[in-house]
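Examining the three-dimensional arrangement
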Amino acid sequence: MMNILSGDRPKSVILSVLLAVILLALAFAPFLFPGSRSLETAARICIFIVLVASYDLLLGYGGIVSFAHTMFFGMGAYGVAIAIDRLGTGYGAMGLGALVGMVVAGIVALLIALLSLRVRAIFFAMITLAIASAVAVLVSQLSQFTGGEDGMNIRIPRELTPAFRLGEVFGTRVNGKVLNYYLVFTGCLVLFLVMLRLVNSPFGRVLQAIRENAFRAEAIGYRVVFYRAMATCLSAMIAALAGSLFAIWLRYVGPSTTLGMEIMLDILLMVVIGGMGTMYGAVVGTAIFVLAQNYLKELMGGLSEATSALPVIPDLLSPDRWLLWLGVLFILSVYFFPTGIVGRLRGTR
Amino acid sequence: MSDPILQLKGVKTDIAQYHILHGVDLDVPRGAVTMLLGRNGAGKTTTLRTIMGLWKPHQGEILLDGAHINGLNPAQIARRGIGFVPEDMGIFSDLTVEENLRLAALSGQPIPERMDWIFAAFPALKTFWKSAAGTLSGGQKQMLSVARAVVEDRELYLIDEPSKGLAPAIVATLARALKDLKNRGATILMVEQNFSLAKALGDHVAVMDDGRIIWSGAMAELASDTNLQERLMGLKMESAG
């Protein structure tokens, strides 16, 4: 087990239990939580765990602030969509699209890194923001390739769609959507374990050293620019693969689902809530955030009804105010867990 | 004096609009300990940081084993065989003691014999092997900083004020380790304000003032001449100790 986790123990009983619960819930989601909405939420959690962890590789381990992460996510998603659009439906086109999206993301990340990582952190962040905005505009403009603002519907192989029926398992109807979910789940699990291996390798240690004291790491003999560029590329390539899985799952790609600044902000919030510089933080932060995004409104509706006899409180808990309470939850989590939930549970920082 | 492993010729360094080094000429002989002394603000730390490439000199030459190292980046200079112990220790707080030392071994794996020596010199590092370096005391952090530089054999060690702010018992431990390193034939260029420690370790000495070397010679000569000490560094009180 420790080998699978690359020797990175959770170092906290509560965290171990929490991670086990999340893993089991995601692994058996189609059977534990039947219904398309819950499956949608589970798939979104899987994909965002990878996306947030890949951003944490950059921010938490490398100390690099980038606003272009969704751009790489989008490259993977559009890679699959364009490949299927041009080559026709098939696993080959899906795989090729994911591969091309990943390679393009890696090349673009390398160019950005080489051009920008020598400047101060704030300027690097601004450059990534500018490039991400430019790419988003470009995607909207090049509608003959990207579908513009309307996006693109993707025709994935029938075996991955609800139309493909396999029968019943444990009282749950298993269809192509469930197979699609397990493709996403397995892909995300593998990508997460790869990242766990990366951050616990000598490469990951050097990245952490650079984050703490770049001058000192350089004086020991490590080329800071090289390691930062590598981290940027790896992070971008993994984000692109997450984007490919997202496109296959949604069977749709559009600027708002993959390239939007809102998604970038969500990623930042998930990293901060979970805890920076801890891969497990991505798991916990994403699970809490996506669940809150999807179910807080219902929870508040129920609470509002339950307290309808009381003054003021039902109004405060009105489902329309769910975004306000999400904000309050975020502020509270930052106040009580400044090192993130995982950082607090581990008690190391 | 044996052949110099490191030579500085007319090195001038500016930091922002300030001229810090005004033409440093210095020879560091091989297999000996050279102490770099001087008042605060004389340019000692800047000299070490300039050698390491952390500040770029705008004039002059720096030669390591006869080869120019001006213009190289710090990583390239480190890989040419210079181990650096900075004034601020520069340990990686979030990494464990073990990870700090493994990271410093550029070959990827510390040599067991060298690790045995480090553990004998600094037993605390063995005790806190798996602890985050940030949880160590100031003295232990300094031990780690020195251990990190000596985890592999280097051509030259640059050590910046290792005794700064440490308790006498810790300074004694560090002094023993550095003496042992010296006895193994290491070449060291060390900045030190504690003249007793400098006397105990140094073979040669260079005194800096206002960004220049104003005197250099044998440590024995400076140690025996209190007038010279007072004239160069205002060390009347310290030299008595």
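Our structure's up above, just so we're on the same page.
Criteria and thresholds
The residue count restarts for each chain, going from 1 along the sequence in the order it is written. Labels are handed out in written order, letters beginning with A for the chains and numbers beginning with 1 for the ligands. The predicted nature of this model means local features are confined to residues of pLDDT at least 70 and side-chain atom pairs, given and counted, to a pLDDT of 80 or more, with totals for whole chains, interfaces and linings taken over all residues. Values shown for side chains rest on all heavy atoms present in the structure; no hydrogens or waters enter the calculation. Secondary structure elements follow DSSP: runs of H or I of four or more residues count as helices, runs of E of two or more count as strands, with numbering from the N terminus. The buried label applies to any residue whose accessible area, calculated with a 1.4 Å probe on protein chains only, is under 20% of its type's maximum; exposed applies above 50%, and partly exposed to all values in between. Contacts were defined at the residue level, with two residues in contact if any of their heavy atoms lie within 4.5 Å. Surface accessibility follows the Shrake-Rupley procedure with a 1.4 Å probe radius. Residue values consider only the protein chains on display as shielding. Charged residues are defined narrowly, with Lys and Arg counted positive, Asp and Glu counted negative, and His plus the chain ends left uncounted. For this purpose, a charge sits on NZ of Lys, CZ of Arg, CG of Asp or CD of Glu. Radius of gyration here uses only the C-alpha atoms, and the compact-globule reference equals 2.2 Å multiplied by the residue count raised to the power 0.38. Cavities and pockets were defined on a 1 Å grid built over protein atoms only: a cavity is a set of grid points that admits a 1.4 Å probe from which the probe cannot escape, a pocket is an open set flanked by protein on both sides within 12 Å along at least five of seven lines, and lining residues are those with an atom within 4 Å of any such point. Grid points are joined across faces, edges and corners, and a volume is the space filled by probe spheres set on the points. We call Asp, Glu, Lys and Arg charged. Ala, Val, Leu, Ile, Met, Phe, Trp, Tyr, Cys and Pro are nonpolar, and the rest, Gly among them, are polar. The term buried area refers to how much accessible surface (probe radius 1.4 Å) is lost by two components on association, counted for both of them together. Definition used for salt bridges: Asp or Glu carboxyl oxygen within 4 Å of a side-chain nitrogen of Lys or Arg. In protein, a polar contact requires one atom able to donate a hydrogen and another able to accept it; more generally it is a pair of N or O atoms within 3.5 Å, and residues adjacent in sequence count only if both atoms are side-chain atoms. Given the number of residues in a helix, its expected span is that number minus one, multiplied by 1.5 Å. Pairing between two strands is assigned when DSSP locates at least 2 bridges connecting them.

**A few points about the overall build of chain A**
Each helix and strand in chain A was counted, giving 17 helices and 4 strands. For chain A, the C-alpha atoms occupy an extent of roughly 65 × 50 × 40 Å along the three principal directions. Classification of the 349 residues of chain A by burial places 52% in the buried group. Of the contacts formed within chain A by residues at least 6 apart in sequence, a portion of 75% connects residues at least 24 apart. Surface accessibility of chain A: about 15900 Å² in total, with carbon and sulfur atoms responsible for 70%. Taking the average location of the 24 positive side-chain charges in chain A and that of its 16 negative ones, the two points are 11 Å from each other.

**Let's talk about the overall build of chain B**
Helices and strands together make up the secondary structure of chain B, namely 11 helices and 10 strands. For 241 residues, the compact-globule estimate of 2.2 N^0.38 gives 18 Å, and the C-alpha radius of gyration of chain B, at 17 Å, lies within 12% of that figure. The proportion of buried residues among the 241 residues of chain B is 55%. Across chain B, the 25 positively charged side chains and the 27 negatively charged ones have centroids separated by 2 Å.

**Here we look at the layout of surface pockets**
Estimates place the volume of the largest pocket at around 960 Å³. Lining the largest pocket are 38 residues, with Lys11 and Arg205 of chain A together with Leu95, Thr96 and Glu99 of chain B sitting closest to its centre. Of all elements in the fold, only α9 (202-212) of chain A together with α3 (97-104) of chain B reach the threshold of two or more residues within the lining of the largest pocket. Broken down by element, the lining of the largest pocket gets its largest block of residues, 5 residues, from α9 of chain A. Across the lining of the largest pocket, the residue classes tally to 12 nonpolar, 14 polar and 12 charged. Taken as a whole, the second largest pocket encloses approximately 450 Å³ of empty space. Taken together, 19 residues form the lining of the second largest pocket, with Leu5, Leu19, Leu23, Leu189 and Phe192 of chain A sitting closest to its centre. Broken down by secondary-structure element, the contributors of at least two residues to the lining of the second largest pocket are α1 (13-27), α3 (36-61), α8 (176-199) and α14 (279-306) of chain A. When residues of the lining of the second largest pocket are assigned to their parent elements, the largest contribution, 6 residues, is made by α1 of chain A. For the lining of the second largest pocket, a count of residues per class yields 18 nonpolar, 1 polar and no charged.

**Considering the interface of chain B and chain A**
Contact residues are listed per partner, giving 22 residues for chain B and 17 residues for chain A. Together, the buried faces of chain B and chain A total about 1700 Å²; carbon and sulfur atoms form 58% of this surface. When the buried surface of chain B facing chain A is broken down by residue, Phe92, Asp94 and Leu103 of chain B rank first, second and third, together holding 33% of it. On the surface where chain B and chain A come into contact, there are 2 salt bridges. Linking arginine 211 of chain A and aspartate 94 of chain B is a salt bridge whose minimum nitrogen-to-oxygen distance equals 2.7 Å. Our count for the chain B to chain A interface comes out at 8 residue pairs in polar contact (both at pLDDT 80 or more). For the side of chain B that touches chain A, the secondary-structure elements that each account for two or more residues are α2 (74-79) and α3 of chain B.

**Quick word on α8 of chain A**
For α8 of chain A, with 24 residues, the first-to-last C-alpha span of 35 Å sits near the 34 Å given by 1.5 Å per residue. Two or three places before lysine 177 of chain A, at the opening of α8 of chain A, asparagine 175 of chain A has a side-chain oxygen 3.0 Å from that residue's backbone nitrogen.

**A few points about the side chain of threonine 34 of chain B**
Relative to the assigned elements, threonine 34 of chain B resides in strand β3 (residues 33-38). The residues contacting threonine 34 of chain B, other than those within four sequence positions of it, are Val28, Pro29, Ile188, Leu189, Met190 and His204 of chain B.

**Some remarks on the pairing of β3 of chain B**
All names here are of chain B. Of all 6 residues in β3, 6 are buried, a share of seventy percent or more. Both β3 and strand β8 (residues 188-191) contribute to a ladder of 4 bridges, which runs parallel. Residue pairing across strands places methionine 35 opposite methionine 190, the latter belonging to β8. Sheet analysis places β3 next to strand β9 (residues 204-209), joined by 5 bridges and oriented parallel. Residue pairing across strands places threonine 34 opposite histidine 204, the latter belonging to β9.

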